[in-house]
Structure formats: C-alpha cells, structure tokens
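Descriptive analysis of the structure
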Amino acid sequence: GKKKIETLPDPFSMVEKELQPFSDSIKELVSTDQPILSMAAKHFFEKRHGKRFRPTIVQLIAKAVAACVPEDIEGDRWENSGASKIGMEGGKVTSGNHQGSEVWRKQAQLGQIVEMIHVASLIHDDVLDEADTRRGGEAVHKLYSNKVAVLAGDYLLARASVLLARLENTAVVQIMATALESLVAGEIMQLKSSPDELLQMESYLRKSYYKTASLICYACRSVALLGGHAYGSTVATACEEFGFHMGLAFQIQDDILDFTAAASILGKPALADMSLGLSTAPILYAAQEFPHLRPLVKRRFKEKGDKQTALEALYKSDTAMDKAKDLAQFHAQKAVDALLRLPPSDARDALLRLTYVVITRKK
C-alpha cells in the first residue's frame, strides 16, 4: 500500500526478547556427555550466531497465525488433519492468549529445531565444500577435524529429531523430516549436476529450493499446524508459500552479494561458490549474454583463469546483475502477496518489512 516500509514494525526487535533465552537454551540443548561434540556444536552457536534469521521468521509467523481464526474444512480428508489440539480456553489460539502459552512454547521450540537443522547442514556443507571460514569464524572442521565436524552435525540432527518428536504432532514430524530430505537432495544435486544442468536456471532454482527455501517453507507451515490450523487451511498454505518465496529471494540475494560484497562483510569467503564451480544467478545470466562463458560453467571453472574470465564478463555485462536482482525482487513480491492473505497484525507487517530487508541487505 502507501505505507512507507520504515514505518512497519522492526522484525528483529519485535522478537528479540523471545529469542534471548534462545541462545541459552540452544547451548543447554547441545550439552552432552561427549565434550568434543558439544564444543564443536556450541562453537557454532556462540560464534556471532548469524542473524538468527530462521528463528525470527518462525516467531513472527507464530504471532501472525495467532491472529487467524482456524477454518472448518468440510469432510475428513487429510487436508483437514494435522492441526495440534489446542488445550486453551475456547480451544483456539488468539493474539491475546498466545504469548507464553503451551502452543507458543512449542512454536518457539520449532524455531530452535530449525536453527539446529540449519546449523548441522552448514557444518556438513563446510566439510563437503572444504570451506575455511563460516559466519566470520573458523569452520568447525578446521578447528577440530572432518570426523568431529561430521559427528557434530549428526549429533545436532539427532538432538533436533528428539525435540521434534516432543512436539507431539505427527504431521509436523513428517513435514520437517521432508525438509531434512530436501537438504540432502540439494547437497547431492550440488555435487552431481551434469554439465548441461549447470547452465540451467531451473536447476539452479531447484537447488536453491532444496538447500535454502525448503527448510523455511516447511517450518512456516509447521508453525501454522502447531497453532491449530489444519494442513490444507488457507493460513497454513499462505505460510508455506511465504516461506518458499522468502527462501528463494534470500538465496538469490546471497548469490548476488557473493559478487558485490567483499569476504570481510559477508562472512563467507567471497566468490566461494565460484571456486566450488557453482554457477549462481548472476553468472548464469551473464552466460546467456556471453556464449564464451558457457564451457567454463560446464567445467565448473576448473581451469586456470576461468574465474577471472567469468568475473570480467559479469562486470562487463549491463544486464546480468539487474536480471538477478529482478529475480530476487520477483520472489520477494510473491512472498509479500502470500503474507497479505493473512489478516492484518503487527507480526505480519514485521514480516513484510523483513522481506524488504532480505533483498536490500548489503551483507
């Protein structure tokens, strides 16, 4: 609408207090009889723990769905199932009774589970990619060893599975298990793409979905189910669509920043993805414009001078960066459209603002 984006509630400060206990409880959750594993896992959470982007989304979605009245879907099809039983007065979650309730606690727990799965995937990712830095700190496997890093990731996933089961909602367990499966599928795609697939925008987007968007969109739908909304409800579907497009916009913006920000700002080694031979949106658009880049993409920039050539072409191109930015913008707009299907609330508006932050951020 006509509202200025800066007038919307700040997404991070809105849930900051709720996420405060988060870092403490995460450390508690990963304390274990295996000191080396807890050290490796904690190292990650204490290390400038990123922006807590995922838990922030989960908390805000939880607040936004509390403002929605659950709909009654006719019939007993599977779409009508999956909602957690709400043991509160009136049997419904409202903005008034949400904060501090059992539902709220389980949704916050889901935020922790999502962050644990995400971090486990990063630790494993770094081993596969042989990265040296992560979030501006040393990568886990550099500090310890590959074996410990693999185990620390497995351990986090095991802890996350236990916590997930404790939510006592089998539909949510199924959804989040699918998210885990997607993360693995994304890693395999990354390692195994054929030379032709490396040039296709579609397989780049599919990989981005598997590796980034899937966890966010499944978490968003799960939050709605924990809040008493059925699987097939308008609310749960809008939440998932928001997460899907938000995740893609986030990833595309990350890929743009790989080229526009120096390593020092972003906390990932700049051009990390190119040294892995990954062709991301900016390079793929440049390759559409400059045919001489295509063989480089297909051979994953393996030969000497390949990266330099690709970079020069990208900076020479008038359109590649803009097209990549348009793609991120397209998904951000779709995310906003999904949010606008939810009833107005401060949390919903904070999510609108967060979407804007995601595609305008510089780091």
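For the structure itself, consult the block above.
The sections below set out a description of the structure shown in this document.

About the thresholds
For every chain, the first residue of its written sequence is number 1, and the numbers climb from 1 along that sequence. Local features in this predicted model are restricted to residues whose pLDDT is 70 or higher, and side-chain atom pairs enter the listing and the counts only when it is 80 or higher, whereas totals over whole chains, interfaces and linings include all residues. Computation of side-chain values: all heavy atoms of the structure, hydrogens and water removed. Under the scheme used here, helices are H or I runs from DSSP no shorter than 4 residues and strands are E runs no shorter than 2 residues, and both carry numbers assigned from the N terminus. Burial classification: accessible surface area is computed with a 1.4 Å probe over protein chains only, and a residue below 20% of its type maximum counts as buried, one above 50% as exposed, and the rest as partly exposed. Contacts between residues were defined by any pair of non-hydrogen atoms, one from each residue, lying within 4.5 Å. Using a 1.4 Å probe, accessible areas were evaluated by the Shrake-Rupley method; residue-level cover was limited to the displayed protein chains. Each salt bridge in this description consists of a side-chain nitrogen of Lys or Arg and a carboxyl oxygen of Asp or Glu lying within 4 Å of one another. Each residue after the first adds 1.5 Å to the expected span of a helix. Helix axes use the C-alpha atoms of the stretch in contact, all axes being lines fitted to C-alpha atoms, and the angles between their N-to-C directions lie in the range 0 to 180 degrees. Here roughly perpendicular refers to angles of 65 to 115 degrees, roughly parallel to angles under 35, roughly antiparallel to angles over 145, and oblique to all remaining angles. Throughout, a crossing is termed right-handed when the near helix is turned clockwise from the far one, and left-handed when it is turned anticlockwise from it by less than a right angle. Residues are grouped as follows: nonpolar covers Ala, Val, Leu, Ile, Met, Phe, Trp, Tyr, Cys and Pro; charged covers Asp, Glu, Lys and Arg; every other residue, Gly included, is treated as polar. Patch construction takes residues with relative accessible area above 30% that form no salt bridge. Like charges are linked within 9 Å, and nonpolar side chains (Val, Leu, Ile, Met, Phe, Trp, Tyr) are linked within 5 Å. When charges are counted, neither His nor the chain ends are considered; positive counts come from Lys and Arg and negative counts from Asp and Glu. Working definition for charges: the position is that of NZ of Lys, CZ of Arg, CG of Asp or CD of Glu. Within this scheme, the nonpolar core is defined by two criteria: the residues are buried Ala, Val, Leu, Ile, Met, Phe, Trp, Tyr or Cys, and they are joined through side-chain atoms within 4.5 Å. Side-chain rings of Phe, Tyr and Trp, where Trp is taken by its six-membered ring, are said to pair if the distance between their centres is within 6.5 Å; with planes under 30 degrees apart they count as stacked, over 60 as edge-to-face, and otherwise as tilted. As used in this structure description, the phrase polar contact means that two N or O atoms lie within 3.5 Å; if the pair is within protein, one of them must be able to donate a hydrogen and the other to accept it, and residues adjacent in sequence are counted only when both atoms belong to side chains. Working definition: a disulfide is two cysteine sulfur atoms within 2.5 Å of each other.

1. Brief notes about the overall build of the chain
Within the chain one finds 18 helices and two strands. When each of the 363 residues of the chain is scored for burial, the buried share is 54%. For the chain, restricting intrachain contacts to residue pairs at least 6 apart in sequence, the fraction spanning at least 24 positions comes to 75%. Carbon and sulfur atoms provide 54% of the accessible area of the chain, an area that totals close to 16,600 Å².

2. Details of the pattern of salt bridges
Scanning all chains against the criterion turns up 13 salt bridges. Linking E303 and R299 is a salt bridge whose minimum nitrogen-to-oxygen distance equals 3.8 Å. Residue classification places R299 among the partly exposed residues on the basis of a relative accessible area of 29%. Because the salt bridges share partners, they merge into one network encompassing D125, E187 and K211.

3. Some points on helix α3 (residues 53-66)
A turn of α-helix holds 3.6 residues, and therefore any two residues three or four places apart point the same way. Here α3 contains 14 residues, and its C-alpha end-to-end distance of 20 Å stays within 8% of the 20 Å for a straight helix at 1.5 Å per residue. With 14 of 14 residues buried, α3 is to be regarded as a mostly interior element.

4. A few points about the packing of α3 against helix α5 (residues 102-129)
Between α3 and α5, the shortest axis-to-axis distance is 8 Å and the interhelical angle comes to 155 degrees. Taken together, the axes of α3 and α5 lie roughly antiparallel to each other. Where α3 crosses over α5, the handedness of that crossing is right-handed. From α3, R54, P55, V58, Q59, A62 and V65 reach across to α5, where they touch W104, Q107, A108, G111, V114, E115 and H118. Broken down by class, the residue content of the contact of α3 with α5 amounts to seven nonpolar, four polar and two charged.

5. Some points on a negative patch on the surface
A surface patch of negative charge is lined by E289, D318, D322 and D326. Within the secondary structure, D322 sits in helix α17 (residues 320-339). A residue is classified by how much of its surface remains accessible, and D322, at 41% relative accessible area, is partly exposed.

6. Notes on the nonpolar core
In this structure, I57, I61, L110, M176 and F242 are the most contacted members of the largest nonpolar core, which totals 93 residues. Sorting elements by how many residues they give to this core places helix α10 (residues 201-226) first, with 14 residues. Setting aside residues up to four positions removed in sequence, L110 forms contacts with L164, L167, V172, M176, A219, S222, V223 and L226.

7. Here we look at the packing of aromatic side chains
If you walk through the whole model with that rule in mind, you get three aromatic pairs. Their ring planes at 15 degrees and their centres at 4.4 Å tell us that F53 and F250 sit as a pair that is stacked. Taken as a pair, F53 in helix α3 and F250 in helix α11 (residues 234-260) lie far apart in primary sequence, 197 residues in all. Relative to Y210, the ring of Y209 lies with its centre 5.6 Å away and its plane at 45 degrees, an arrangement referred to as tilted.

8. A few points about the environment of Y209
Secondary-structure assignment places Y209 in helix α10. By relative accessible area, which is 16% here, Y209 ends up buried. Once the C-alpha coordinates of Y209 and H245 are considered, the two residues, 36 residues apart in sequence, prove to be 9.0 Å apart. Setting aside residues up to four positions removed in sequence, Y209 forms contacts with S214, C217, Y218, F244 and L248. Within the local environment of Y209, its side chain forms a polar contact with the side chain of Y218, the two groups lying 3.1 Å apart.

9. Looking at helix α7 (residues 146-165)
Look at α7: 29 Å from first C-alpha to last across 20 residues, which is about the 28 Å you get at 1.5 Å a residue. Those residues of α7 that sit buried are V148, A149, A152, G153, Y155, L156, A160, L163 and L164.

10. Examining unusual backbone geometry
Look at E168: it is not a glycine, yet its phi comes out positive at around 55 degrees. Here E168 lies in the loop between α7 and α8 (170-192). The backbone phi angle of F301 is positive, close to 50 degrees, even though this residue is not glycine. Position of F301 relative to the elements: it lies in the loop between α15 (294-298) and α16 (306-316).

11. What to know about the environment of V69
Position of V69 relative to the elements: it lies in the loop between α3 and α4 (95-98). In sequence terms V69 and P343 are 274 residues apart; their C-alpha atoms lie 9.3 Å from each other. If we skip the residues at most four places from it in the chain, V69 touches K92 and H229.

12. Here's the deal with the environment of K207
As for its position among the elements, K207 is in helix α10. C-alpha separation for the pair K207 and I188, spaced 19 residues apart in sequence, amounts to 9.3 Å. Not counting the four nearest positions on each side in its chain, K207 is found in contact with G186, M189, Q190 and L278.

13. Observations regarding the state of the cysteines
Summed over the entire model, instances satisfying the criterion amount to zero disulfides. In this structure C217 is not part of a disulfide, and its nearest cysteine sulfur, from C220, lies 7.5 Å away. Looking at C217, the relative accessible area reads 1%, which means it is buried. Counting only cysteine sulfurs, C239 is the nearest neighbor of C220, a cysteine outside any disulfide, at a range of 6.3 Å. Here C220 falls in the buried class, since its relative accessible area comes to 1%.

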